[in-house]
Amino acid sequence: MPVNMINDADGSPRVILSEPTGSTAEVLLYGGQVVSWKNERREELLFVTKKALWKPSKAVRGGIPIYFPQFANFGPLERHGFARNRLWSLDPSPSPLSPANNQSTVDLILRCTEDDLKAWPHRFELRLRISLSAGKLTLIPRVRNTDNKAFSFTFALRNYFSVSDISEVRIEGLETLDYFDNLMQRQRYTEQADAITFDGEVVPSSQIDRVYLSTPTKIAIIDHEKKRTFVLRKEGMGDSAVWNPWDKKAKALPDMGDEDFKIMLCVDSAAIETPVTLKPLEEWKGRQELSAVSSSYCSGQLDPRKVLHGFS
């Protein structure tokens, strides 16, 4: 399907993807960032704060920003790297598309600039394929070393999911795993809960900022109130970060509403604990597939373990 490109009021280019059942996605060339994903009923599935700063030099708070070549402050660069604060281009020579019916796709590319080389002296090409099909949004990032020496990087796709009420949400698939707690100087712990839940009545602050390690290829984010489950499937990204700022942190963020923490949750696909190392001309490839399925988990119609492990 052809790419539909429009310009925002300030001239910023945006790509609109659509498919026959009526779902849509919107992608900013600035940051290569998905900022909207709506299902066939026109319900927004991704969170974007109403206080988002829609201007160059600042990534939009929400959607799916790309963290490269550094996650958070796990290194000397600016927080979360520079890829989310650069203008990407349409890829003039994308890899061939595998045959797919009724799929809408855009291919983007980010090449290093001289300014990037001053901060991070490694030449690279970062490609991103974004594909929309009925009920699914797929992102395939690829990093190629175009330098004459090896380099290492960390990477994440930060998914800001839109939820009804954070206290009604649980994450299945990360139980028993080790994690780094970024609120505790990255100390390493083991998840003891049967599922990750958020309840400020039990714990005065449910702020969470963790990197779960060696995570499964499928994770379920279950929204009891909306009777919706997000299923995150990933390849090539062994870790998963989970983030919600809760009330005090949300109030301290200039581009986030005071109450926004109640209606969002970030669960990332990431490569963090073990950085990816590429020799000259080598390429790394990841894959993330998001789907949103109707569920009535409270009444037992959806067993998240069936979602996670594929049991019928």
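Above this text you will find the structure in question.
In this report, we go over the structure that sits alongside the text. (Residues numbered from 1 in each chain as written. Predicted model: local features only at pLDDT ≥ 70, side-chain atom pairs only at ≥ 80, totals over all residues. Heavy atoms only, no water.)

For the chain, the helix and strand inventory stands at three helices and 23 strands. When burial is assessed residue by residue, the chain has 54% of its 312 residues classed as buried. Counted over contacts in the chain with a minimum sequence separation of 6, partners at least 24 positions apart contribute 66%. Carbon and sulfur atoms provide 49% of the accessible area of the chain, an area that totals close to 14200 Å². (Helix = DSSP H or I, 4+ residues; strand = E, 2+ residues; numbered from the N terminus. Buried < 20%, exposed > 50% of the residue type's maximum accessible area, 1.4 Å probe, protein only. Contact = heavy atoms within 4.5 Å. Areas by Shrake-Rupley, 256 points an atom, 1.4 Å probe, with all protein chains shown as cover.)

Residues Val3, Met5 and Leu90 make up a contiguous nonpolar surface patch of about 220 Å² in total accessible area. Take Leu90: it is sitting in strand S6 (residues 89–90). Looking at Leu90, the relative accessible area reads 37%, which means it is partly exposed. (Patch = residues over 30% accessible without salt bridge, like charges linked within 9 Å, V, L, I, M, F, W, Y side chains within 5 Å. Salt bridge = Lys/Arg side-chain N within 4 Å of Asp/Glu carboxyl O.)

This paragraph deals with the sheet that holds strand S3 (residues 24–28). On the basis of which strands lie adjacent, the open sheet formed by four strands has the order S1-S2-S3-S4 and antiparallel pairing. Edge positions in the sheet fall to strand S1 (4–7) and strand S4 (33–38), since each has one partner strand and no second. Within the sheet, the average angular offset between the axes of one strand and its neighbour, ignoring direction, is 25 degrees. Bridging between S1 and strand S2 (residues 13–18) involves four bridges; their strand directions are antiparallel. Bridge pairing links Asn4 to Ile16 in S2. (Pairing = 2+ DSSP bridges. Axes fitted to C-alpha atoms, helices over the stretch in contact; angles between N-to-C directions.)

The six strands are arranged S11-S20-S19-S16-S13-S14 in an open sheet whose pairing can be described as antiparallel. Unpaired on one side and paired on the other, strand S11 (160–162) and strand S14 (187–190) mark the two borders of the sheet. Ignoring which end each strand starts from, the neighbouring axes of this sheet average 30 degrees apart. In this structure, S11 lies alongside strand S20 (residues 264–267), joined through three bridges in antiparallel fashion. Paired with Tyr160 across the strands is Cys266, a residue of S20.

What follows concerns unusual backbone geometry. The step from Phe68 to Pro69 runs through a cis peptide bond, and the omega angle for that step is 0 degrees. In this structure, Pro69 sits in the loop between strand S5 (66–67) and S6. At Ala72, a position not held by glycine, the phi torsion is positive, near 50 degrees. Locating Ala72 in the fold gives a position in the loop between S5 and S6. Unlike most non-glycine residues, Leu281 shows phi in positive territory, near 75 degrees. The topology assignment puts Leu281 in the loop between strand S21 (269–278) and strand S22 (283–285).

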